[in-house]
Amino acid sequence: MTNVLVIGATGKQGGAVARLLLDHGHDVTAYVRSPEAPAARALSTAGARLAAGDLSDPEALGRAITGADAVFGLSVPFGEGGQDQEVAQGRLLVEAAERAEAHLVFSSVRGAGRIAATDIGHADSKQLIEAHLREREVRATVLGPVYFMENVLNVGFSRLTDGVLANPLSPGKPLDQVTVRDIAALAVLAVENPDRFAGERIDVISDRVTGEEAARALGEVLGREIPYRQLPLAQVRQWAGDEIADMFQRFEENTEFADLDTLHARYPEVGWHSYADWARSVDWDRVIGATASSPVRRAG
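These lines cover the structure that appears in this document, whether it is placed above or below. (Residues numbered from 1 in each chain as written. Predicted model: local features only at pLDDT ≥ 70, side-chain atom pairs only at ≥ 80, totals over all residues. Heavy atoms only, no water.)

**Description of the nonpolar core**
- Ranked by size, the top nonpolar core spans 40 residues in total, and within it Val6, Val17, Leu21, Leu143, Leu186 and Tyr267 carry the most contacts.
- Secondary structure elements with two or more residues in this core: strand E1 (3-7), helix H1 (12-23), strand E2 (27-32), helix H2 (38-46), strand E4 (70-73), helix H7 (180-192), strand E10 (201-204) and helix H12 (260-266).
- Broken down by element, this core gets its largest block of residues, ten residues, from H7.
- Residues contacting leucine 186, with those up to four places away along its chain left out, are Leu143, Phe197, Ile202, Val204, Tyr267 and Val270.
- Counting 32 residues, the second-largest nonpolar core is a separate cluster that includes Tyr147, Val152, Leu169 and Ala214. (Core = buried A, V, L, I, M, F, W, Y, C linked by side-chain atoms within 4.5 Å. Buried < 20%, exposed > 50% of the residue type's maximum accessible area, 1.4 Å probe, protein only. Helix = DSSP H or I, 4+ residues; strand = E, 2+ residues; numbered from the N terminus. Contact = heavy atoms within 4.5 Å.)

Pasting the structure below:
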């Protein structure tokens with residue numbers, strides 16, 4: 001049994017990691033802003049200890065990390081303090097793990113191990129954090145997730161409640177995607193095998209699908225046709241800001257794709273999910289609701 005501190009344990013990634021660690025019988029401390037939040041209370045009920053604090057509080061983080069064998073952590077983009085705040089969070093986490101002599105499993109972003117800036121704020125923040133990590137004497141594994149499959153659950157953006165799948169990319173443009181289930185599985189594998197994973201940097205990709213393919217997969221699960229609708233990039237820029245619009249523009253222009261077969265064969269323990277696999281795991285009645293005329297089929 002490993003003593004693991006999970007940063008951001010009430011978020012999508014941290015929550016998935018904390019629950020899987022508990023399922024594997026590990027001793028989990030969940031680092032949360034508010035122990036009274038429903039997600040934090042649910043983790044406590046599941047067996048995690050709660051430690052209150054955030055990544056801007058070195059004293060609280062130091063107390064929480066004391067005695068930890070491993071730490072799963074990430075920095076939080078899009079905060080009020082912008083890029084500087086995120087970089088400060090990441091540096092504090094790296095230095096706390098170094099002092100505790102804990103194995104840090106850090107969730108970054110694909111490609112952030114490169115030297116050149118991307119001009120995408122949240123990606124450049126991760127580059128600066130990873131550069132700091134390389135300068136420190138800390139045992140670490142860095143995961144580089146790509147675009148999240150779970151982003152489609154933001155139905156205000158994806159428009160699934162309107163019966164379509166909306167996205168700024170061209171209908172036939174492939175996009176590497178990952179589910180937090182696979183991030184969690186790889187993170188827990190790294191926690192359980194520090195000698196194998198220390199010093200590794202792994203871009204994490206579950207599947208590669210076009211918008212049209214994703215819409216067909218969703219349609220099969222939902223039991224009705226889901227057309228794909230391309231959102232004008234100017235509209236995305238107006239809704240979500242320049243950083244998100246620029247990110248999708250990079251996705252549209254991207255011609256470099258990872259070798260998924262090699263990645264998945266190297267870490268078969270993850271049990272990688274295709275987009276269709278992931279879609280079948282979602283409770284769509286909860287996400288978008290069911291109508292009398294178009295019932296949502298539950299995944300079996």
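**Focus: the pattern of salt bridges**
- Summed over all chains, the structure comprises 15 salt bridges.
- Salt-bridge contacts for arginine 139 lead to aspartate 195; the nearest nitrogen and oxygen are separated by 2.4 Å. On the criterion of sequence distance, the pair formed by arginine 139 in the loop between helix H5 (121-135) and strand E6 (140-145) and aspartate 195 in helix H8 (residues 194-197) is long-range, its members being 56 residues apart.
- Accessibility expressed as a relative area gives 66% for aspartate 195, which makes it exposed.
- With a closest N to O distance of 3.3 Å, arginine 237 and aspartate 242 form a salt bridge.
- Its relative accessible area of 32% is what places arginine 237 among the partly exposed residues.
- Salt bridges sharing partners connect three or more residues here, namely Arg110, Asp176 and Arg208. (Salt bridge = Lys/Arg side-chain N within 4 Å of Asp/Glu carboxyl O.)

**Topic: the packing of helix H10 (residues 233-240) against helix H11 (residues 242-253)**
- In the contact formed by H10 and H11, the axes pass within 7 Å of each other and the chain directions differ by 145°. Touching Leu233, Val236, Arg237 and Ala240 of H10 are Asp242, Ile244, Ala245, Asp246, Phe248 and Gln249, all from H11.
- Here the contact of H10 with H11 is built from residues that sort into six nonpolar, one polar and three charged. (Axes fitted to C-alpha atoms, helices over the stretch in contact; angles between N-to-C directions. Nonpolar A, V, L, I, M, F, W, Y, C, P; charged D, E, K, R; others polar.)

**Remarks on the side chain of histidine 103**
- As for its placement among the helices and strands, histidine 103 is situated in strand E5 (residues 103-107).
- Accessibility expressed as a relative area gives 4% for histidine 103, which makes it buried.
- Every residue in contact with histidine 103, bar those within four places of it in the chain, is listed here: Asp69, Ala70, Val71, Arg139, Ala140, Thr141, Ala190, Val191, Pro194 and Ala198.

**Here's the deal with the environment of asparagine 151**
- Checked against the element boundaries, asparagine 151 lands in the loop between strand E7 (147-148) and helix H6 (155-158).
- Note on asparagine 151: relative accessible area 31%, which makes it partly exposed.
- Linking asparagine 151 and glutamine 177, residues 26 residues apart in sequence, is a C-alpha distance of 9.8 Å.

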